[in-house]
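The primary structure of each chain is shown beneath.
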8 protein chains.
Amino acid sequence: MLDEVTITRAIVEDFMKTFVEYTDVDVAIVGAGPSGMVAAKYLAEGGAKVAVFERKLSVGGGMWGGGMMFPRIVIQDEAKHILEDFEIHYWTHKDGYFLANSIEVVGKLVSKTIAAGAEIFNLMSVEDVVIRDDKITGVVINWSAVELAKLHVDPLSIRSKVVIDGTGHDADVCRIVERKIPGALKVVGEKPMWAEVGEKFLLDATKEVYPGLIVTGMAANAVTGGPRMGPIFGGMMLSGEKAAKLALSKL
Amino acid sequence: MLDEVTITRAIVEDFMKTFVEYTDVDVAIVGAGPSGMVAAKYLAEGGAKVAVFERKLSVGGGMWGGGMMFPRIVIQDEAKHILEDFEIHYWTHKDGYFLANSIEVVGKLVSKTIAAGAEIFNLMSVEDVVIRDDKITGVVINWSAVELAKLHVDPLSIRSKVVIDGTGHDADVCRIVERKIPGALKVVGEKPMWAEVGEKFLLDATKEVYPGLIVTGMAANAVTGGPRMGPIFGGMMLSGEKAAKLALSKL
Amino acid sequence: MLDEVTITRAIVEDFMKTFVEYTDVDVAIVGAGPSGMVAAKYLAEGGAKVAVFERKLSVGGGMWGGGMMFPRIVIQDEAKHILEDFEIHYWTHKDGYFLANSIEVVGKLVSKTIAAGAEIFNLMSVEDVVIRDDKITGVVINWSAVELAKLHVDPLSIRSKVVIDGTGHDADVCRIVERKIPGALKVVGEKPMWAEVGEKFLLDATKEVYPGLIVTGMAANAVTGGPRMGPIFGGMMLSGEKAAKLALSKL
Amino acid sequence: MLDEVTITRAIVEDFMKTFVEYTDVDVAIVGAGPSGMVAAKYLAEGGAKVAVFERKLSVGGGMWGGGMMFPRIVIQDEAKHILEDFEIHYWTHKDGYFLANSIEVVGKLVSKTIAAGAEIFNLMSVEDVVIRDDKITGVVINWSAVELAKLHVDPLSIRSKVVIDGTGHDADVCRIVERKIPGALKVVGEKPMWAEVGEKFLLDATKEVYPGLIVTGMAANAVTGGPRMGPIFGGMMLSGEKAAKLALSKL
Amino acid sequence: MLDEVTITRAIVEDFMKTFVEYTDVDVAIVGAGPSGMVAAKYLAEGGAKVAVFERKLSVGGGMWGGGMMFPRIVIQDEAKHILEDFEIHYWTHKDGYFLANSIEVVGKLVSKTIAAGAEIFNLMSVEDVVIRDDKITGVVINWSAVELAKLHVDPLSIRSKVVIDGTGHDADVCRIVERKIPGALKVVGEKPMWAEVGEKFLLDATKEVYPGLIVTGMAANAVTGGPRMGPIFGGMMLSGEKAAKLALSKL
Amino acid sequence: MLDEVTITRAIVEDFMKTFVEYTDVDVAIVGAGPSGMVAAKYLAEGGAKVAVFERKLSVGGGMWGGGMMFPRIVIQDEAKHILEDFEIHYWTHKDGYFLANSIEVVGKLVSKTIAAGAEIFNLMSVEDVVIRDDKITGVVINWSAVELAKLHVDPLSIRSKVVIDGTGHDADVCRIVERKIPGALKVVGEKPMWAEVGEKFLLDATKEVYPGLIVTGMAANAVTGGPRMGPIFGGMMLSGEKAAKLALSKL
Amino acid sequence: MLDEVTITRAIVEDFMKTFVEYTDVDVAIVGAGPSGMVAAKYLAEGGAKVAVFERKLSVGGGMWGGGMMFPRIVIQDEAKHILEDFEIHYWTHKDGYFLANSIEVVGKLVSKTIAAGAEIFNLMSVEDVVIRDDKITGVVINWSAVELAKLHVDPLSIRSKVVIDGTGHDADVCRIVERKIPGALKVVGEKPMWAEVGEKFLLDATKEVYPGLIVTGMAANAVTGGPRMGPIFGGMMLSGEKAAKLALSKL
Amino acid sequence: MLDEVTITRAIVEDFMKTFVEYTDVDVAIVGAGPSGMVAAKYLAEGGAKVAVFERKLSVGGGMWGGGMMFPRIVIQDEAKHILEDFEIHYWTHKDGYFLANSIEVVGKLVSKTIAAGAEIFNLMSVEDVVIRDDKITGVVINWSAVELAKLHVDPLSIRSKVVIDGTGHDADVCRIVERKIPGALKVVGEKPMWAEVGEKFLLDATKEVYPGLIVTGMAANAVTGGPRMGPIFGGMMLSGEKAAKLALSKL
C-alpha cells in the first residue's frame, strides 16, 4: 500500500545521503550544458568522482532551442566519435556536416552522463569559489531559487580538486575569480560570429586558466576572446572531451 | 570548411520540412511531461504519426525537481515494465517502491520517445482546438514566445485524428473545451493528496472525455476530480500507456 | 581548524535528521505567527511532537510592525499569564491594558517555543492537505522559494494527527479544504473592526472546523466571520492556548 | 472549401522559401525606420537583393507618433523628390516646410519598399555580426521574441555583402562592432537639439564606418556625434537615399 | 533655415485643428485593424466624416505577424475586389486561395484609408461610450499612455452618429456596453477554430448590436459566438465592407 | 544656528501631537479629491473637527490632469459661488460654462481647506471601518506605503461621528461595507458618459448610504449608478457642499 | 444644457492656444518643486514670460511628505519674507525656526505662482536642450507618459532665453549638458547632511553654470557639491528667489 | 472595555516618546544582523544609549535561513561565551564546532538585546550620514517603505557620538561615505570563501574606518577585503563584541 510519508522519506534520505557524499569530490563542473555534460561523462568513465551543478531546473542550456527555435543542430565530422559514444542519432546534410534533433541530443547527453556515474545537482547555483592560498579548492553553492526569490540565505561549500567552468557565454566562475582575485585572469568576451575560426579557437581556449580552474565550451571562448559560432556543436563537445582529459591529468 | 549560411540553411530546411509534414498527424499530444512522452513512444511504436507540442524550452514538466527540489522520484512495482521499456535505471527502496534519479528519467523518456519516431515540437503552445461539428479534429498552435513576449500574432492549425491532453494539473486543452463548448465537459479540479487512491483513480480517469480528446496524467485527475499524488510516477506512466492504447484503437 | 566541508556536512546532516524525523508528527501547525507559536509551545510542553511550517524566512507574521509601523502592541489583562509564561517584558498603559515592544515579543515567542521542544521549519509553505476518507491526516509542503521563483516542482507530504491553521486573515489551509472538499466548511471572511467583540468572538471561533483541522488566531475569525481587532494581541494568544488544549485532547 | 491545414502549409512553405532564399543577400538593412526603408527601396530598384530586419512587430520606428503623440511630421524642401517617389501626401506649412500625416507616411514607406522588391523580416533582431578577417560579411539574427521572453536560444546567420545600420539613436550594430572589435569604431552619441545643423551633419555622417558596414539615419548622427533634430524627417530620408547609393557602389 | 519652434508650432497647430474638428463626426471606428480600416475607407469614400481611434502606436493589430510570426496571410476569392480596391499585391496559392505579405497589406490598408479621407488617431483608447437615453451617441477617449503609465487623468468625449467596434477578440466597446447597460447585449465569446464556418458566420455577425453601435471583424464573432478563423483575412475585410454599408445607411 | 536634531524633533513632535488629537474627530473624510476638500472646508467652517485621509502623496486626485492631460477643467454656473468661496480664478467660455486651470484649482482647494481648519493626512489609506452594532463609528487607517511596499503591518483606528466616502469611482469605503456587512448597501457602478444627467444625478446620490456613512463626488455616482461626467467639476463641488451640510446636521 | 463636445472643445482649444503661445518664452523652468515655483512667481511678477515644466502629474516634488511622511517642514527666519509673499501660514517653534504644514505650503506655492502669471505644464518632461553654438536656447520636451509607457515617440522643442534647472537632487538638465557637451560642466553630487552649511552653500551655488542655464534648489547643491539639508526649506526658497533675479538680469 | 482609540493612542504616544528620545544617542547601529545585535547588547550593558536601525520588517538578516535554507548554523569554540551570554541553546558537533538552530538564535539575540536596554527601530533605513567637518555625527534615516514604494519623501536626522555599520556584505554606510567624501575610505569587497582565514581576518577588520564610524561583521570584511565565511557565526559575534568595546572607549 502506498504511503505518502514513506515516499517522502525515501526521497529525502536518498538524496541527502548523495548530497553529503558529494560535498567532497574530485571534479566540480559548473553548468550542465553540452560541454559540461561531455566532460562529466568522460571524467566519470575515467574514474573521477564528479558533481555537476546546474542553475536551472532542466539541463541542456541553450541547446534545446536549436537555432532560432528550430530544434536542429549541426555537428561536424571531427566530433563524430562523441556522437557515437553518446549514441546520438544523426543524419548527413552535406560532406562534413551532420544534423541532429537538439531535443534528443539533450536527452542522450543527460542520460549517458548520469549512467556513467556523474551526479547532476540541478536548481543549484555557484555563488563563489573556495580558495586556499592561490588555488581554487571548491565551490560555494546555493539553491538558485534563493536568488530567484530574492531571499537572503547563506550558501554552503563543496570541496573539489578541480573546478570546471562550463557556464557558457557568461563564464560565471571565471568572472567571480576575475572580480575577487585581482590579476588572476581576464574575461575578454567573445568576438563576432566566425564559425570556422571559432571551432578551432575553442580547443586551444579549453585550458586551466587559474590553478584549479579549467574552462570549457563557450565560457572558454568568452575568457580568451574567441569568435562566436552559432548552433554548431562539434567544437563544444570536443572542448568538453579535452576538459575531461586535462582534469583527469590533475587528479 | 564551415560556412554559417550552410548551417543556417541546413537547420531551417530540415526543420521546416518536418514541421510542414507534421501539420497533419494521427495524434497530437499536448505537453511533454512523463505521461505525454510515454503515450508518444507507445503510439509511435504502434505505427501512429505523432506530434508532441511542449510549451516550454525543455521537456519533462515538473519531474526534473523530484520532490521539493530533491531530484529523486518514486515508482511502484506495477509500472516496472515501463521503466524497463525506457531503460531507466532504478533501485529498490522497499518492497514495491523503486527510486530513480528524476533528471536521468527525463533524459531517458525524451530520448526513447524520439527514437521511437515521435516528433517533439518545443516552444509551441496550444491556444485552441480545431472543431468539425461535434468532434475535435486538431489543435491551434503558436510559438509560446509570442505569449511570453506579449505580442499579438495569429496562430496556425494542425490536423489530428486524436488529441491527447497531457498538460498536467491545469488540463489546458480540457479547459479550452469546457469554456468554448458549453456542456462538453467539466474540469472538476484535483482533490487533496491521497497517493494510494490517486494512483488507482488515475487509470480510470484516463479516457476520451469528448469526441477526439483523450486526457492523461495529472490532467486526467484534474478533469475527473481525483486525489493528488506527489512525486510518485507509476500511475502517470501507466496512464500514458493507457492513453496510447485508447488512441491507437481510434485510428 | 575550520573546514568548510565539515561545516556543510554538520548543517546538512543535522537538519536532515530532524526533517526526516518530523515527517510524522502529532501536530502540524501552519504559520508561525503569535497564535501558532503560542499553540506550539503549550503543545510541546504537553508532550506532543510539533512541527511549525512558516512560509516566510522570518517568523512573527504581522507582529513585527506593531501598529502602522510603530513597533508597539497592546495586550489586555486576560492574557497576562501568557506574557509571563513567555517572559515577555510589558508595562502598564491604563487599567487592563499593557504595552509591549512588538520586536521583543516576537523574539521571546520564537525562543520560548523552540526551547519548549517545538520544531519550526521556515521557508516552507503548505500547498495542500493529506486526506484519508473524511479526515485530514497531514499536510503537503514545499519550499516557498519554489512558488516565489515560479518553478514547477512537486511537493512532499507530512503525516500529522492534527493540523492547526494559524495562517492569519487568509486562512490558507481552510481555504484549501473549502475549495477541494465541497461542503466541508465555509470561510466567511472577517468583519469590520470592533476590538471588544472581536477578542471575545475569537475564543469561540477557535475550534475544530473539519475532522483533524483546528483553526486559531485571525484565521479563526476569518473562517467564522468575526470582527477585526487591530494591534491588540491578548485574544490571539488566548486562541493559541485554546488550540493547544483542543489538539492535546485529540492525541 | 476552406481548410485550416492548407492555410497553415501555404503560409509556412511560402515564408520559408523566402527566408531560406534571403539567407544570402546583397544588402542586409537593420531597422525598418524611415532611413532604412528609403535605403531599401532605392537599393531594390537598383537591382540589389535586400533584406530588412526589424526587431518590432510593426515597422516605422518612432515615426508613428509624430511629435509628442501628435501624428504629424515636418519635411523640408530638399527631400521633396523622395516624398514624390513614395507618393506621400503632403501639404505646405511655410516656405520650405511641408507637413505630412505620420501614420500615412509609414504606410507609404512600407508598401513602396516592398513593392520595389525588398523583403522585410519583422520580429527579428540582429544580435551580432559575421566577420571574415577585417570585414563584416553578414549578420547574426534571432527572433526578437526570444529576448523578450528571456529564453536561451541560439541565433542563425545571414550572409550579406553590405550591412546597413539603420537602428536609430541606439546604433545597435555599430555598438556591437565597437564592443567586440577593439579600435574598429567609436559611437560618440548624439548632441543636443539643433535641427538646422543636424540635418546637414547627417548627410556627412552617412558613410561606411567599418569595412562592410554603412550607417544611416539617427544611427549615423549617434556614431559621429551630430546634433539631434526632432520630428523633421527630410534629412533622415536623404540619408537613406545616400546609404543606398553607397551600398550600390560596393556591390 | 530650419527653426525648431516653427516645427513645433506647425505640428501642434495642424494636429489640434484636426482634432477639434473630429470631436464631432459621422462615424467613430474603434480599432485600426483590418476590418476597421476597410470600413473606414469605404465610409470615407461614401462621404462620411470618419475618425478611427487606435490604442497602439502602430495600426494593423495582429496582422503584422501573419501566422506564427511568418508574415504571410491567406485571403480567399470572395474578397478579391477588396484587395484590388486597396491595390494589395497578392499571388495565387491554390484555387480560391491567395497569399499576401502581411507587412505590405498593413501598409496598403493604412495608406489607402487615409488617402480616402478617414482620420486615424493613434495612441488613443476608448474608455467608455456617450449615451443619450437608449442610444450610443459618441465615445469617451483618452491617451492610451495614461493607462499604460498608470496615471489618473480624466478623458474627453467625441460625438458620433454611429460607433463601430473593430477591437478584435476583446470586443472592448461591446464589453463596456454589456457591463454598464444591463440587458443591452451579451458578449458570448468566440468558439474553437473552424475557418470555413467562421468566415460565413462573420458576415451575419456584422450588424448593429445596440442602437448606434455596429460590430465588425473578430469583435463580431466574439459578440455572437462564432468560430475562430486564424490567419485568413477575407471574411475580416468583407465584414469591414458590410459594416461600412450598414453605417452609411444610418447617416 | 541650524541643528538637524532640533529640526527632526520639531517635525515629529508637532505632527504627533496633531495626529493623536485627530484620532477622535467629528468627521473623517476619505479621499482629498475635489468633493472631499470642498466638504472638508465647509465642515471646518461649520465648526466640525475634520480629518481628511488621502492615500497618495499629493492631494487633488484626477483633477491635476484636466482632460486628456490638458490641464483645464470646465465648471458650470451653478457652482460659481464655490469657485468664489475658494478664490479660484476662472474665465468664461460660453454662457453657463467657465474654464479654469486645473493645477491652480487644486492649489486653491488644498490651501483654503487647510486654512479653514481641516487637517489633511496624506500617505494614509483607509483599510476598513470601525463598527458598533449597526453604525459606522470610525475608520481603520494605515500608511499607504505599507501596501505599496507589500509589507505585512497592522493598522490603527480613528473614531469619528460621521465618515464621508470621497474616494472617487472606486467608492472604496462603500465597497468595504458592501463586502463585510451583507445587505448593508450595493455599489452599482457608474453608467456611460452623459454629462447633463450625471451632474443632476450626483446631487441626489450624495446622501447617507449606511448609518454613519455619507458618500460624495464620483463615489456617490458609482454607488447609486449614475452616469459618468468627464472633466466638468460643478456637480462634484456641489456634492461636496451638500455632504458637508448632511454631516453637520448629524453632529 | 451641458454638452460633452462643447466641454471637450473648450478644454482642447484653450489649452492648445496657451501651449502654442508658450513655445517661445523668456524663461523655461524645469521642475515645479519649491525653488522652481518661487523662481517662477518672482519672474512672472518681474514681467517675464515663464513656462514651468513638471514631469509628474502633481507639482511640489518631495515637499508633500514633510520629513519621513510627517507633513511638516521647518523654515528659518531668513526666508520669512517669502512665506509672507506666498501668504503661507506658519508658527514659531523656537527662535529662528518656523514650522508649516507641508501640504498647505505646496497649495500656496502653486496657486500664487499661477496667479502671478507663470504657466505650469505638468506631465511634461525635458529630454534634452536646444543649443545654438555655445549657448542653451531652449528645451526639448515630451509627455512624461511617453517614457513611463515605454513608447517610442519624438519630442518637440521650446525656445527660451534662459533655462532654470530646478529638478532637485538629480539635476537632470545639468546632467544632460554634462553628458552631451564635453567639458561644459561637472555635476559633483551632493555631500552628506549638514544643514547649517548646506543652507549657506546653496545660495552661492545658485548661479549660471553654462551660458543660458541657471541652476536652483537641490540641483544647485548637487552640481556644486554642497551638503544635503533635510526638510528645512528656507534655503530652497531663497535660492529660487536668487535664480529669478539672475534670470531677470539676463532678459 | 476595549476601545480602539485608546489602543491607537497608547501605541502612537509610547512609540513617539521613545522615537523623539532616541533622536540623540550615544551609538547608532545600522543593521540588526547578528554582529549589530551583539554590539548593541554589550553597548547597552556598558551604559550607552543605543539605537539600532533595521531596514527590514524583521531583524536577523541572513541568519534565519542557516545554510541553503537548512536552519542550522555553526559556531566555534572561541565564541562560546557569547552564546552563553545570550542563553542560546547549542550542541556539540565535533571538537571546536557547535551547532545551533538559526531560528532560535535570532529569537535569543533580539530578545536579549532589547532586554539589555537597546532600542531597535525596524522598517527604517539609513540614507546618509550627518557630518561636522571631518567627523560623522549622526545618520539620516527614513522609513524603508518610502524607498520600497518609490515615494519621494525627505528623511530626518539622528545625532550619535558613534555610528556602527553592521549592514553586511553591502557595507551600506561605508559606501555612502566612500561615494560622498572623496578619499575617506575604500570598500574593497569581500574575497572568495576561506572560513579559517576569514574568521581571523574579521576581528582585525572590525575597527574605526573614518572618524565616528566603526564597521562590524561582514561589512568589516567587505571594507577591508577579507575572505567570505559562510554559515559560521563565531567571528560575526566576536566582531560585534569588539565593535561594542571600541565604541564604548570613544564615549
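Going by the structure above, here's the rest.
Residues numbered from 1 in each chain as written. Chains lettered and ligands numbered in written order. Predicted model: local features only at pLDDT ≥ 70, side-chain atom pairs only at ≥ 80, totals over all residues. Heavy atoms only, no water.

Asks: Can you break down the interface of chain F and chain G residue by residue, with the values?
Replies: Across the boundary between the two partners, chain F contributes 52 residues, which contact 52 residues of chain G. Summing both sides of the interface, chain F and chain G together bury roughly 4900 Å²; the carbon and sulfur share of this comes to 74%. On the surface where chain F and chain G come into contact, there are 4 salt bridges. For Arg72 of chain F, the salt bridge goes to Asp14 of chain G, with nearest N and O atoms at 2.8 Å. At the boundary of chain F and chain G, one finds 15 residue pairs in polar contact (both at pLDDT 80 or more). Those elements that provide at least two residues to the side of chain F that touches chain G are helix 1 (4-21), strand 3 (72-76), strand 4 (91-94), strand 5 (97-101), helix 4 (102-115), strand 6 (119-122) and helix 7 (195-205) of chain F. With 10 residues, the single largest contributor to the side of chain F that touches chain G is helix 1 of chain F. Here the side of chain F that touches chain G is composed, by residue class, of 31 nonpolar, 11 polar and 10 charged. (Contact = heavy atoms within 4.5 Å. Buried area = accessible area lost by both parts, 1.4 Å probe. Salt bridge = Lys/Arg side-chain N within 4 Å of Asp/Glu carboxyl O. Polar contact = N/O pair within 3.5 Å; in protein donor to acceptor, adjacent residues only side chain to side chain. Helix = DSSP H or I, 4+ residues; strand = E, 2+ residues; numbered from the N terminus. Nonpolar A, V, L, I, M, F, W, Y, C, P; charged D, E, K, R; others polar.)

Asks: Tell me about the interface of chain A and chain B, residues and numbers included.
Replies: Tallying the contact residues gives 52 residues for chain A and 52 residues for chain B. For the pairing of chain A and chain B, the buried interface totals around 5000 Å² over both sides, and the portion due to carbon and sulfur atoms is 74%. When the buried area of chain A at its contact with chain B is split by residue, Leu2, Met69 and Phe70 of chain A rank highest and sum to 14% of it. Between the two partners, chain A and chain B, sit 4 salt bridges. In this structure, the salt-bridge partner of Arg72 of chain B is Glu119 of chain A, at a minimum N-O distance of 2.9 Å. Where chain A packs against chain B, one counts 15 residue pairs in polar contact (both at pLDDT 80 or more). Sorting the residues of the side of chain A that touches chain B by element identifies helix 1 (4-21), strand 3 (72-76), strand 4 (91-94), strand 5 (97-101), helix 4 (102-115), strand 6 (119-122) and helix 7 (195-205) of chain A as the ones contributing at least two each. If you tally residues by element for the side of chain A that touches chain B, the top one is helix 1 of chain A, at 10 residues. Here the side of chain A that touches chain B is composed, by residue class, of 31 nonpolar, 11 polar and 10 charged.

Asks: Break down the sheet that holds strand 5 (residues 97-101) of chain G for me, citing the residues and quoting the values.
Replies: Strand order across the open sheet formed by 3 strands is 3-5-4 (chain G), with antiparallel pairing between neighbours. Edge positions in the sheet fall to strand 3 (72-76) and strand 4 (91-94) of chain G, since each has one partner strand and no second. On average, adjacent strands in this sheet sit at an angle of 40° to one another, irrespective of strand direction. Along the sheet, helix 1 of chain F contacts strand 3, strand 4 and strand 5 of chain G; its crossing angle with strand 3 of chain G, the most-contacted strand, is approximately 135°. (Pairing = 2+ DSSP bridges. Axes fitted to C-alpha atoms, helices over the stretch in contact; angles between N-to-C directions.)

Asks: Outline the side chain of Thr137 of chain H, supporting the account with residue identities and numerical values.
Replies: Residue and element names in this part refer to chain H. Mapped onto the elements, Thr137 comes out in strand 8 (residues 135-143). Residue classification places Thr137 among the buried positions, given a relative accessible area of 17%. Discounting chain neighbours no more than four positions away, the residues touching Thr137 are Val130, Ile131, Arg132, Ile158, Arg159 and Ser160. (Buried < 20%, exposed > 50% of the residue type's maximum accessible area, 1.4 Å probe, protein only.)

Asks: Before we move on, could you go through the arrangement of the chains and cite the residues and values that matter?
Replies: A minimum C-alpha distance of 25 Å separates chain B and chain F, which share no contact. Between chain E and chain H there is no contact; the minimum C-alpha to C-alpha separation amounts to 14 Å.

Asks: Explain the packing of aromatic side chains to me, using residue names and the numbers behind them.
Replies: Across all of its chains, the model carries 82 aromatic pairs over all chains by this definition. Seen in terms of ring centroids, Phe70 of chain C and Trp143 of chain H are 6.2 Å apart; in terms of plane orientation they differ by 55°. Their pairing is tilted. Remark: Trp143 of chain H occurs in strand 8 and Phe70 of chain C occurs in the loop between strand 2 (50-54) and strand 3 (72-76); the pair is interchain, linking two chains. The class for Phe70 of chain C is buried, based on a relative accessible area of 0%. Between the aromatic rings of Phe19 of chain E and Phe121 of chain E, the centroid separation amounts to 5.8 Å while the plane-to-plane angle is 55°, which identifies the pairing as tilted. Placement of Phe19 of chain E in helix 1 (residues 4-21) and of Phe121 of chain E in strand 6 (residues 119-122) is noted, with a sequence separation of 102 residues between them. The same class applies to Phe19 of chain E and to Phe121 of chain E, which are both buried. Across the ring face of Tyr22 of chain A, the terminal group of Lys49 of chain A is positioned such that the distance to the ring centre comes to 5.5 Å. (Phe/Tyr/Trp six-rings, centres within 6.5 Å; stacked < 30°, edge-to-face > 60°. Lys NZ or Arg CZ within 6 Å of the ring centre and 35° of its normal.)

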